[in-house]
Amino acid sequence: MVLHPRHRGDCAEFFVATDQTKPMIFAGTKDVLAELEHAAALAGRTWNDQVNYVMRICLGRRQPDFDDGRSV
C-alpha cells in the first residue's frame, strides 16, 4: 500500500504547519517509521502531527487519548 505523501516520514518537510518551528532529528527502525506512518494515515494526520503527538506523550507533556486516532 502506498501512503499519501502527507503521512510519509520522507515527505515531512512539505507538510510543516506554521506552529511547527523547532527542528527535530528523528531516527528509528524502518518498522517504527512504518508504524508512525500507518498511525498518521489512520488518524488522517500528517507525519509531523503524528510524531509530535507521540513525542509529547513520551516526554510526559500529555497523556494518550484513546479516542484520538493518533493513539493507535
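Remember, predicted model here, so these are calculated numbers, not experimental data.

Rules behind the numbers
Residues numbered from 1 in each chain as written. Predicted model: local features only at pLDDT ≥ 70, side-chain atom pairs only at ≥ 80, totals over all residues. Heavy atoms only, no water. 1 Å grid on protein atoms, 1.4 Å probe; cavity = no way out; pocket = protein on both sides within 12 Å on 5 of 7 lines; lining within 4 Å. Points joined across faces, edges and corners; volume = space filled by probe spheres on them. Nonpolar A, V, L, I, M, F, W, Y, C, P; charged D, E, K, R; others polar. Axes fitted to C-alpha atoms, helices over the stretch in contact; angles between N-to-C directions. Helix = DSSP H or I, 4+ residues; strand = E, 2+ residues; numbered from the N terminus. Parallel < 35°, antiparallel > 145°, perpendicular 65-115°, else oblique. Left-handed = near helix turned anticlockwise from the far one by under 90°. Contact = heavy atoms within 4.5 Å.

**Q** Hey, could you go over the layout of surface pockets for me, with residue numbers and the actual values?
**A** By volume, the largest pocket is sized at about 640 Å³. For the largest pocket, the lining is made up of 22 residues, of which Gln20, Lys22, Met24, Asn48 and Asn52 are closest to its centre. Across the lining of the largest pocket, the residue classes break down as 10 nonpolar, five polar and seven charged.

**Q** Tell me about the packing of helix α1 (residues 30-43) against helix α2 (residues 47-58), residues and numbers included.
**A** Think of two packed helices as two axes; the pair is described by the angle between the axes and how far apart they sit. Direction vectors running N to C along α1 and α2 enclose 110°, while the axes themselves pass 9 Å from each other. The pairing of α1 with α2 is recorded here as roughly perpendicular in orientation. By crossing handedness, the relation of α1 to α2 is classed as right-handed. Only Trp47, Gln50, Val51 and Val54 of α2 make contact with α1, whose side of the interface consists of Leu33, Leu36, Glu37, Ala39 and Ala40.

The quantities given are spatial measurements derived from coordinates; they are silent on function.
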